[in-house]
Amino acid sequence: MEVKTSLLDNMIGVGDMVLLEPLSEDTFLENLKNRFDHNEIYTYIGSVVISINPYRSLPIYTPEKVEEYRNRNFYELSPHIYALADEAYRSLRDQDKDQCILITGESGAGKTEASKLVMSYVAAVCGKGQEVNKVKEQLLQSNPVLEAFGNAKTVRNDNSSRFGKYMDIEFDFKGDPLGGVISNYLLEKSRVVKQPRGERNFHIFYQLLSGYGLVVTEKLKLDRDFSKYNYLSLDSAVVSGLDDAANFRTVRNAMQIVGFMEDEMLSVLELVAAVLKLGNIEFKPESRCNGIDESHLKEMCELLGTEQSVLERAFSYRTVEAKMEKVSTTLNVAQAYYARDALAKNLYSRLFSWLITRINESIRVTKTRHKVMGVLDIYGFEIFEDNSFEQFIINYCNEKLQQIFIELTLREEQEEYVREGIEWTNIEYFNNAIICDLIENNQNGILAMLDEECLRPGTVTDETFLDKLNTICAEHQHFESRLSKSSKFLTDHSLPHNCFRIQHYAGKVLVTAGFVDKNNDLLYRDLSQAMYKANHSLIKQLFPEGNPAKVNLKRPPTAGFQFKASVGTLMSNLQTKNPNYIRCVKPNDKKASHIFTDSLVRHQVHYLGLMENVRVRRAGYAFRQAYEPCLERYKMLCKKTWPHWRGPAREGVEVLLTDLQVPTEEFAYGRSKIFIRNPRTLFFLEEKRKRCLEDLATLIQKIYRGWKCRSQFLLLKKSQIVVAAWYRRYAVSRFFVTAQNSKQTCARKLLRELKYQKKCEQAVTTISAYWHEIQLNFPVFVQMQKYFLDLKRNMPSMSPIDKSWPARPYLFLEGVHTELKRIFHLWRCKKYRSQFTEDKKAVYEEKLKASELFKDKKALYPSSVSQPFKGDYLEISKNPKYQKLNNAVDEKVLLADVVNKINRANGKGSPRLLLLTRRSVILADQKTGQVKASVPLADLASVSVSTQMDGFFALKLKEGSASAVKGDFLLSSDHLIEIITKLHRISASAAEREPINVDISDEFLVQFKHDKVCVKFIQGSPKNGNSASCKRKNNRLLEVSVPTSP
Ligand SMILES: Nc1ncnc2c1ncn2[C@@H]1O[C@H](COP(=O)(O)OP(=O)(O)OP(=O)(O)O)[C@@H](O)[C@H]1O
Ligand SMILES: [Mg+2]
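Values in this document were obtained by computation on a predicted structure and should not be read as measured data.

What follows concerns the environment of Glu312. Tracing the backbone through its elements, the reader meets Glu312 in helix α12 (residues 308–314). What makes Glu312 buried here is its relative accessible area of 16%. On a C-alpha basis, the gap between Glu312 and Lys298 in space is 9.9 Å, while along the polypeptide they are 14 residues apart.

On to the coordination of the magnesium ion (ligand 2). Four donors placed tetrahedrally about a metal ideally form angles of 109.5 degrees, and six donors placed octahedrally ideally form angles of 90 or 180 degrees. Surrounding the magnesium ion (ligand 2) are the protein donor atoms Thr112 (OG1) and Ser161 (OG), at 1.9 to 2.1 Å. In this pair, Thr112 is assigned in helix α4 (residues 111–125) and Ser161 in strand β5 (residues 160–161), connecting sequence segments 49 residues apart. Each member of the pair, Thr112 together with Ser161, is buried.

Below, the discussion takes up the site of ligand 1. Inspection of the region around ligand 1 gives 17 residues, with Ser107, Lys111, Thr112, Ser160 and Ser161 positioned closest. Between an oxygen atom of ligand 1 and a side-chain N or O atom of Thr112, the distance comes to 2.7 Å. Between ligand 1 and Glu113 there is a distance of 2.9 Å, counted from an oxygen atom to a backbone nitrogen or oxygen. Expressed as a share of its isolated accessible area of 630 Å², the protein-covered part of ligand 1 is 85%. When contributions to the shell around ligand 1 are tallied by element, the ones reaching two or more residues are α4 and β5.

This brings us to the domain arrangement of the protein. As assigned here, the protein comprises domain 1 (17–213 + 221–262 + 355–387 + 587–619), domain 2 (623–742), domain 3 (795–832) and domain 4 (839–999). Computed over C-alpha atoms only, the centres of domain 2 and domain 3 are separated by 116 Å.

A few words on the pairing of strand β18 (residues 895–902). The two faces of a sheet get side chains in turn, since along a regular strand they alternate between them. Across 8 bridges, β18 lies against strand β19 (residues 909–916) in antiparallel orientation. Looking at β19, one finds that Lys901 is bridged to Ser910. Where β18 hands over to β19, the hairpin turn is made up of 6 residues, of which Gly907 adopts a positive phi near 85°. Two strands pair when backbone bridges link them, and β18 and strand β24 (residues 969–972) are joined in this way by 2 bridges, in the antiparallel orientation. When the sheet's bridge partners are listed, Asn900 is paired in β24 with Ser972.

This part takes up the UniProt feature "binding site: ATP" (unreviewed entry) in the protein. In the UniProt entry, the feature "binding site: ATP" (unreviewed entry) is given for Gly105, Glu106, Ser107, Gly108, Ala109, Gly110, Lys111 and Thr112. Note that Glu106 resides in the loop between β3 (99–104) and α4. The contacts of Glu106, once residues within four sequence positions are left out, are Lys111, Gly380, Phe381, Cys584, Lys586, Gln604 and Tyr607. By the element assignment, Gly110 lies in the loop between β3 and α4. With near-sequence residues (within four places) excluded, Gly110 lies in contact with Asn53 and Cys584.

Once that is clear, we can look at empty space enclosed by the protein. The final tally for this structure, using the stated rule, is 10 cavities of 30 Å³ or more. Taken as a whole, the largest cavity holds about 100 Å³ of empty space. In terms of lining residues, the largest cavity is bounded by Asp462, Glu463, Phe465, Leu466, Asn498, Cys499, Phe500, Val511, Thr512, Ala513 and Phe515. Split into classes, the residues belonging to the lining of the largest cavity amount to 7 nonpolar, 2 polar and 2 charged.

With that out of the way, let us pick up the pattern of salt bridges. Under the criterion given, the structure shown has 57 salt bridges. The salt bridge involving Arg793 is made with Asp790; its shortest N-O contact spans 2.7 Å. One end of the pair, Arg793, and the other, Asp790, are both in helix α27 (residues 778–793), 3 residues apart, so they sit about a helical turn from each other. Owing to a relative accessible area of 61%, Arg793 belongs among the exposed residues under this scheme. For the salt bridge of Lys982 with Glu846, the shortest nitrogen-to-oxygen distance reads 3.7 Å. Highlighted residues: Lys982 in helix α32 (residues 976–989) and Glu846 in helix α29 (residues 838–854), separated in sequence by 136 residues. Via salt bridges that share partners, Arg162, Glu188, Arg191 and Glu199 belong to a single interconnected network.

Axis separation between helix α10 (residues 262–280) and helix α11 (residues 294–304) bottoms out at 9 Å; the angle between their running directions is 160°. By the angle class used here, α10 and α11 are roughly antiparallel. Crossing of α10 against α11: the hand is left-handed. Residues Glu270, Leu271, Ala273, Ala274, Lys277, Leu278 and Asn280 of α10 touch α11, and the partners they reach there are His296, Glu299, Met300, Leu303 and Leu304. In terms of residue class, the contact of α10 with α11 is built from 7 nonpolar, 2 polar and 3 charged.

Calculation rules
- Residues numbered from 1 in each chain as written.
- Chains lettered and ligands numbered in written order.
- Predicted model: local features only at pLDDT ≥ 70, side-chain atom pairs only at ≥ 80, totals over all residues.
- Heavy atoms only, no water.
- Helix = DSSP H or I, 4+ residues; strand = E, 2+ residues; numbered from the N terminus.
- Buried < 20%, exposed > 50% of the residue type's maximum accessible area, 1.4 Å probe, protein only.
- Donors = N, O, S within 2.8 Å, 3.2 Å for Na, K, Ca; no water.
- Near = heavy atom within 4 Å.
- Polar contact = N/O pair within 3.5 Å; in protein donor to acceptor, adjacent residues only side chain to side chain.
- Areas by Shrake-Rupley, 256 points an atom, 1.4 Å probe, with all protein chains shown as cover.
- Domains from an automatic or database assignment.
- Pairing = 2+ DSSP bridges.
- UniProt positions renumbered as here; feature names shortened; annotations may be inferred.
- Contact = heavy atoms within 4.5 Å.
- 1 Å grid on protein atoms, 1.4 Å probe; cavity = no way out; pocket = protein on both sides within 12 Å on 5 of 7 lines; lining within 4 Å.
- Points joined across faces, edges and corners; volume = space filled by probe spheres on them.
- Nonpolar A, V, L, I, M, F, W, Y, C, P; charged D, E, K, R; others polar.
- Salt bridge = Lys/Arg side-chain N within 4 Å of Asp/Glu carboxyl O.
- Axes fitted to C-alpha atoms, helices over the stretch in contact; angles between N-to-C directions.
- Parallel < 35°, antiparallel > 145°, perpendicular 65-115°, else oblique.
- Left-handed = near helix turned anticlockwise from the far one by under 90°.

What follows is the structure, given as structure tokens:
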């Protein structure tokens, strides 16, 4: 969005003097000073820009500033030269109006700088492109060239323009520069031969001697020492802050850009060198001709390609031609010097004019031009102690400019009033036309009189000229002279007798001698002809009147005449254009920054007619503004126009001013602008606006804060809703999961309760059933109670072998009684067993095994029940008798006993030691303890015993096993039950083997070597005590007779 600003914003003092209240010279100065102190060097008077020289570089000419002012309205931003340049350029480009920028002010006020700023601004904002850029560069670079040749250090300005310059920049329809034309006015050529104290000759002389390498010494034969040249002032030859050598490089570069060829540049510099050498030629009074200092003349002639004799002659004689008659007179020394200086001045000034012509050639527009912007940088009004012809001419020029300024300003003002339909009120102002008339009137004007005097035959001097003036101009209000007929100045001692004084618009100027001579500007024909004869490419062009073929007996036009004519052309040129004024003001005489000398500025304000300018500008209405920006600026002051006015802007402004009760005489409505009569009214509006803006700022702040808080609140609320939504989602899902879980828990709980209830119901049912039964069977219960109590009292002992049990009292308890006995016995046995140690348990397990194997199968068994199973009857590990045997057996001996081995042949027994280990059965000699046979249990197929009381048993070997070679063993032992039981248990504990079969039968077969012998048990009478006896009956029978009872 574009920010609308105004000149009225952030003003230091007032930016436009038209708004100054009260208006007086003092307040005017105070405002200028106030702004100058705040680095505001520009101030407006309407559309006129006052520029005060800051004498230091300010950061206000940057590319950013150019952009800031580009395409902005004149009053939109604070006063600036760029605003004026922009206004002029846009009006040229968009409205097809030729423009001129008129820059005036006294020497050192900043005119040249201002003209350069305008040109650089226009160059920056106009179109771009290779061709356009070249043109721009050429236009801009013409400045350093002209400054080098036309500027000099003066007491007022280190870079003072010693010529007037008007440059027309020509543009095409797009606003792109095409080229231009430069006009120059009256170069101060007297400076070439003589400079006032503290001043210098033109820069180029010093620049040439400081730079240009060897060319200076070898080609131009110059000495770098300034003091070697009469024409160079020595007291201020070196200017601090001015680098002549560097500037020379800049000038050469600029000449190249502008289009000077290398040989052209050299020619120009040769002429500059020739002028220096010319100044060194001296004449001696005694012998005029021979008295010429030849060395310099010679060098000069070499440079110019002239014959030395020709020049020598020209400096010695003067030829006057009249009516086909040539008269030659000899020049005296003074005349020779005069001729020399005249030649030097002419040579230089013609060279300067040629340079301008040459630059014009380069920047000449070949295409059809569309519009023109003229920039006038002319010397300002000058009042010196000694004011001569130059000052007279310069001040005349300024007088003309002032006239055109007043005319154009008034005309512009008037035109605007007409355009806007506002009634024009006559404005009182000083019209300087009368002064201009005093100078330029063709019949009795000073210049006309001077020409008349100069052309008059006979002796003509400044005195005769002054006499003439005294007769003719004596009555003029602005002419003052002691010798005039008017008695007014007879006693004015500030006015010498040989001078006259002109009352210019900007002050009184006392003019002294030198008029006639300077106006004549004589260069003896002999010299111009000598120059024409020169072989130098340039010099011939500069002195065309020296051509003998074109001898013109008419006198050349005088300097005054020429100047008047060129000023006339300039004025008519300017009048066709839209003027833009820059009035430069010099703040002090010291060329110093930050110093504002009141008296000096007051003087300038006075003679520049600035106060008059303000008065003209506000004669009718002080301030005017188009309706749209006016409404935009003040619409907040009225409710009806704020914030938007929907109708036409003019009506909006009317409503606004009516609402604000501004007196009607204070304003007038133009066609497109509102005109405000007094600055007071404008400031009243401004003040109101300022207050209103403060209120608006508060309102905006309030609304912004509210909006900010509300947005924050809404954001929070939105976030809160999101958070709440998410939380609710989370809570619901959690609740759902919990409910799901609790449902299951509840269900389980319910189930538990139901089950419990059911149990309770069942219990109730049972108890009630029981109770009913008790109710029904009470006598039975009494009997039972008695039965149980009796049983308790008569309980048998805890011995498992105690078979006693109380008698059953009632028949109906038969079943219970038997069952209780069984249960009691089992319980008692369990109690009994629980007391057993591990060893005892093993003994009982063996006994149990023995019972399983033999109970009710062998008659011997009952007698074995009470016999404890000792195992090691021989105490083999302790008895030294069996030590050898014990050592031979490497396993733990589980049983050791003496058995009888039954002889196969006769059936008689012979004692043997039998050892039983986990893996084998070992038979050893009873006496020696020598192992007779060791049978691995794995080789044992079975054991056979009889059903009777005997202790015989046969160890039957597996057929084919290694132990079966000798046949089965038939043995007898008192501990048969124990041996067989142990054997069976050991074999049963080996995982890989089947337990040994125990066959109990009274007849069984035994394998004795190759024969199978039947061992048969018969009951017999006891012989040999109670022991059984064995007898071989035949090959196939072995009979064992067992006593019937033990
Ligand atoms: N806008 C500016 N900013 C900074 N310095 C400035 C400005 N204007 C002028 N000056 C300084 O003042 C000096 C004199 O300015 P300038 O040469 O433009 O004066 P002038 O009016 O052309 O004088 P003259 O009539 O003698 O030619 C400049 O050399 C420069 O140092
Ligand atoms: Mg200047």
